[in-house]
Amino acid sequence: MNTIDKNIAHVLIEALPYIQRFTGKTIVIKYGGNAMVDDALKNSFAQDIVLLKHVGINPVVVHGGGPQIGKLLEQLGKESKFIEGMRVTDSETMDVVEMVLGGLVNKDIVNLINRHGGRAVGLTGKDGGLIHAKRLTISRKTPELDVPEIIDLGHVGEVASIDPSLVSRLEQDDFIPVIAPIGVGEDGGSYNINADLVAGKMATVLQAEKLILLTNTRGILDKQDALLTGLQRAEIDKLIMEGTIHGGMLPKIGCALDAVQSGVKTAHIIDGRVEHALLLELFTDRGVGTLIKA
């Protein structure tokens, strides 16, 4: 056996105990960033999802689509406005969000997975009463105001509740659910919800083995830009206080911590810019990101 053959055999043997451990378990994956726009990464993601299903693991995909929404709004001559990183979403913008997330992006992912041999089914949170939403408002304090200003972002929501019965049925029937993060409010209106948040809540309700967040970073880095591979709550709190974790990573960390403290075994923030990142994180000893546990 030559060196190449030995290396391939080693990789396969290394994967075996992980496959045995996760067979029959649910893994919720938030899909976004570069992995959604680069053709090679899109194909490797779809292949990873299909392989997971074929070895007996139940992947549930929750996807974003912010850049695609912004691009279509620009083509329609409508300006995108953000407050504290969240898109202000009036009724007209919400129509575009539903068109892009529930239609174009969702069906593109479904088609890609199916082309690689999977059986994916596209959903939004409005299907089967999957995601019940409530309007999200934020408060902003400024020196000029005695009390915080309450800002209404329009059709931006947060998760009120999730009914997992439809997703569970699809899993049992060997389908792969692909979910757009659109919820329905008590008034019947549609709400755009952050995909990380939906993925975290979905993982909690399904009591998933893992929550995996694909990002455009290597994971959580220390001040010397070294990857931190295993973290718990106390360590994360310290990194936040020191300012090592900041900016756009904060909500992802919050989502991951909420999940693991609500029964999800582990959460992972991994580099979606790496081909086959899911397989490398799940089935190798080193992985390609940061693991977070309670």
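Above this note sits the structure.
Residues numbered from 1 in each chain as written. Predicted model: local features only at pLDDT ≥ 70, side-chain atom pairs only at ≥ 80, totals over all residues. Heavy atoms only, no water.

Q: What should I look at first to understand the pattern of salt bridges in this one?
A: Opposite charge on two side chains allows them to pair when their charged atoms are near. Inspection of every chain in the model, using the stated rule, returns ten salt bridges. We note a salt bridge from Lys42 to Asp108, for which the minimum N-O separation is 3.4 Å. Within this pair, whereas Lys42 is found in helix 2 (residues 39-54), its partner Asp108 is found in helix 4 (residues 91-115), the two being separated by 66 residues in sequence. Classification of Lys42 by relative accessible area gives buried; the value is 15%. Look at Asp108 and you get partly exposed, because its relative accessible area is 35%. A salt bridge links Glu98 to Lys126, with the shortest nitrogen-to-oxygen separation between them at 3.3 Å. Residue Glu98 is found in helix 4, and its partner Lys126 is found in the loop between strand 5 (120-124) and strand 6 (131-140); the two are separated by 28 residues along the sequence. Overall, the relative accessible area of 35% leaves Lys126 in the partly exposed class. Counted as one network, the salt bridges with shared partners bring together Lys25, Glu209 and Lys265. (Salt bridge = Lys/Arg side-chain N within 4 Å of Asp/Glu carboxyl O. Helix = DSSP H or I, 4+ residues; strand = E, 2+ residues; numbered from the N terminus. Buried < 20%, exposed > 50% of the residue type's maximum accessible area, 1.4 Å probe, protein only.)

Q: How should I be thinking about the packing of aromatic side chains in this particular structure?
A: Aromatic ring pairs are reported here in terms of the distance separating the ring centres and the angle at which the planes meet. Inspection of the entire model under this criterion finds two aromatic pairs. Between Tyr31 and Phe45 the ring centres are 3.8 Å apart and the planes differ by 0°, which places this aromatic pair in the stacked class. Residue Tyr31 is located in strand 1 (residues 26-31), and its partner Phe45 is located in helix 2; the two are separated by 14 residues in the primary sequence. The class of Tyr31 is buried, set by a relative accessible area of 2%. In this structure Phe45 comes out as buried when scored by relative accessible area, which is 5%. Sitting above the plane of the Phe175 ring, Arg119 keeps its charged end 4.0 Å from the centroid. (Phe/Tyr/Trp six-rings, centres within 6.5 Å; stacked < 30°, edge-to-face > 60°. Lys NZ or Arg CZ within 6 Å of the ring centre and 35° of its normal.)

Q: Would you mind going over the packing of helix 2 against helix 4 with me for this structure?
A: Two measures define how a pair of helices packs: the angle their axes make with one another and the distance between the axes. Across the interface, helix 2 lies against helix 4 with an axial gap of 8 Å and an inter-helix angle of 65°. Pair helix 2 / helix 4 crosses with right-handed handedness. Here Lys42, Asn43, Ala46, Ile49 and Val50 of helix 2 come into contact with helix 4, specifically with Asp108, Leu112, Ile113 and Arg115. Partitioned by chemical class, the residues of the contact of helix 2 with helix 4 number five nonpolar, one polar and three charged. (Axes fitted to C-alpha atoms, helices over the stretch in contact; angles between N-to-C directions. Left-handed = near helix turned anticlockwise from the far one by under 90°. Contact = heavy atoms within 4.5 Å. Nonpolar A, V, L, I, M, F, W, Y, C, P; charged D, E, K, R; others polar.)

Q: Looking at this model, I keep getting lost on helix 5 (residues 165-172). Mind explaining?
A: One turn of the α-helix equals 3.6 residues, which is why residues spaced by three or four share an orientation. Within the span of helix 5, buried status applies to Val167, Leu170 and Glu171. Each buried residue of helix 5 sits inside an arc of 100° when the element is viewed along its axis, so together they form one side. Structural note: helix 5 exposes Arg169 and Gln172 on the side pointing more than 90 degrees away from its buried face. The elements touched by buried residues of helix 5 are strand 1, helix 2, strand 2 (58-63), strand 5, strand 8 (176-180) and helix 6 (195-205). At the C-terminal side of helix 5, Asp174 shows a positive phi close to 65°. (Arc of directions from axis to C-beta.)

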